[in-house]
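# Architecture and fold: a report
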Amino acid sequence: MVGVCPPAPSVSHDPANLTSQLNAACAGDRDAAEQALRQVYAELKRVAGSLLRGNSLTMDATSLVHDAFLRLIPESERQFADRRHFFRLAAKAMRQILVDHVRARSADKRGGQWVQTQLTDRLAVTDGDRVDLLALDEALTRLQARDGELAEIVEAYFFAGFTFEEIADIRQTGERTIRRQWEVARLFLMKELRTP
């Protein structure tokens, strides 16, 4: 089972140098990459630990954090607007790494055991429901095709652990709007996950 209710990263302030360090790291500055990783490591590890808690994956939180960071930084064309932007992209990277890991494992076992995730209050269907992580990813991909904004809200809330208030701040809209959009996205995903 993959825990899917990570604690919210502390994004209320943006140290001035983190964004420039991340962008310098993308341009190939190894010292900047090390300094940036030190600044975000604890928050990324908390999110990764929550995503991995209680599952049967052979990946640990440290590996997930390092893999996500390495996916984000080497792209020299990438520019991070701020700390929040980095964490949104980190959530996407961690989601993709987990899905890739499950796919590789399933291929190794020739369609064997699926890794399941528990749908907690962040995406509750009913108490204790479990759903295949790949099915969740596919449902989220279908949501992305229909409404990219709703899919981004799900990733920010579900995978990165942002609060509705933080998502509203990122999107420069009201918290009530984000809550309504979350409910629409949640209902879409519940329906998709219940469809055989």
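Up top you'll find the structure we're talking about.
This one's a predicted model, so the numbers in the text were calculated from it and none came from an experiment.

So, on to the overall build of the protein. Each helix and strand counted, the protein has eight helices and two strands in total. Starting at the N terminus and ending at the C terminus, the protein contains elements arranged as α-α-α-α-β-β-α-α-α-α. Within the protein, the proportion of its 196 residues that are buried is 48%. Long-range pairs, those at least 24 residues apart, make up 67% of the contacts in the protein between residues at least 6 apart in sequence. Within the structure as shown, the protein displays about 9700 Å² of accessible surface, and the carbon and sulfur contribution to it stands at 48%.

Turning next to the nonpolar core. Phe69, Phe86 and Leu143 are the most contacted members of the largest nonpolar core, which has 58 residues in total. Among the secondary structure elements, those contributing two or more residues to this core are helix H1 (16-26), helix H2 (30-52), helix H3 (61-72), helix H4 (83-108), helix H5 (133-146), helix H6 (148-159), helix H7 (164-171) and helix H8 (175-194). When residues of this core are assigned to their parent elements, the largest contribution, eleven residues, is made by H4. Setting aside residues up to four positions removed in sequence, leucine 143 forms contacts with Gly148, Leu150, Ala151, Val154, Ala185, Phe188 and Leu189.

So, about the packing of H6 against H8. Remark: H6 packs on H8, axes separated minimally by 9 Å, with the N-to-C direction vectors making an angle of 95°. Of the possible angle classes, the one that applies to H6 and H8 is roughly perpendicular. Contact residues: Glu149, Leu150, Ile153, Val154 and Tyr157 in H6; Ile178, Gln181, Trp182, Val184, Ala185 and Leu189 in H8. A class-by-class count of the residues in the contact of H6 with H8 yields nine nonpolar, one polar and one charged.

The N-to-C vectors of H2 and H3 enclose an angle of 130°; their axes lie 8 Å apart at closest approach. It follows from the interaxial angle that H2 and H3 lie oblique. Crossing of H2 against H3: the hand is right-handed. Counting all contacts with H2, which are made through Ala33, Ala36, Leu37, Val40, Tyr41, Leu44, Lys45, Ala48, Gly49 and Leu52, the residues of H3 involved are Ala61, Thr62, Leu64, Val65, His66 and Phe69. Here the residues of the contact of H2 with H3 are counted per class, giving twelve nonpolar, three polar and one charged.

Our focus in this paragraph is the environment of glutamine 144. Within the secondary structure, glutamine 144 is located in helix H5. Overall, the relative accessible area of 38% leaves glutamine 144 in the partly exposed class. C-alpha of glutamine 144 to C-alpha of alanine 185: the two residues are 41 residues apart in sequence and 10.0 Å apart in space.

With that settled, consider H8. The first and last C-alpha atoms of H8 sit 28 Å apart over 20 residues, in line with the 28 Å expected at 1.5 Å per residue. All of the buried residues along H8 are Ile178, Gln181, Trp182, Ala185, Arg186, Phe188, Leu189, Met190, Glu192 and Leu193.

This part covers the packing of aromatic side chains. In total, this model carries six aromatic pairs according to the counting rule given. Here phenylalanine 69 and phenylalanine 86 contribute two aromatic rings whose centre-to-centre distance is 6.2 Å and whose plane-to-plane angle is 65°, an arrangement assigned as edge-to-face. Here the residue phenylalanine 69 occupies a position in helix H3, and phenylalanine 86 occupies one in helix H4, the gap between them amounting to 17 residues. Accessibility classification places phenylalanine 69 together with phenylalanine 86 in one group, the buried group.

The final tally for this structure, using the stated rule, is nine salt bridges. Salt-bridge contacts for glutamate 192 lead to arginine 142; the nearest nitrogen and oxygen are separated by 2.4 Å. With glutamate 192 in helix H8 and arginine 142 in helix H5, this residue pair connects regions lying 50 residues apart in the sequence. Among the ionic pairs, glutamate 183 bridges to arginine 186, the shortest N-O distance being 2.6 Å. Taken together, the residues span about one helical turn, with glutamate 183 and arginine 186 both in helix H8 at a distance of three residues. Through salt bridges with shared partners, a single ionic network connects Lys92, Arg95, Arg103, Asp137 and Glu155.

So, how was this worked out
Residues numbered from 1 in each chain as written. Predicted model: local features only at pLDDT ≥ 70, side-chain atom pairs only at ≥ 80, totals over all residues. Heavy atoms only, no water. Helix = DSSP H or I, 4+ residues; strand = E, 2+ residues; numbered from the N terminus. Buried < 20%, exposed > 50% of the residue type's maximum accessible area, 1.4 Å probe, protein only. Contact = heavy atoms within 4.5 Å. Areas by Shrake-Rupley, 256 points an atom, 1.4 Å probe, with all protein chains shown as cover. Core = buried A, V, L, I, M, F, W, Y, C linked by side-chain atoms within 4.5 Å. Axes fitted to C-alpha atoms, helices over the stretch in contact; angles between N-to-C directions. Parallel < 35°, antiparallel > 145°, perpendicular 65-115°, else oblique. Nonpolar A, V, L, I, M, F, W, Y, C, P; charged D, E, K, R; others polar. Left-handed = near helix turned anticlockwise from the far one by under 90°. Expected span 1.5 Å × (residues − 1). Phe/Tyr/Trp six-rings, centres within 6.5 Å; stacked < 30°, edge-to-face > 60°. Salt bridge = Lys/Arg side-chain N within 4 Å of Asp/Glu carboxyl O.

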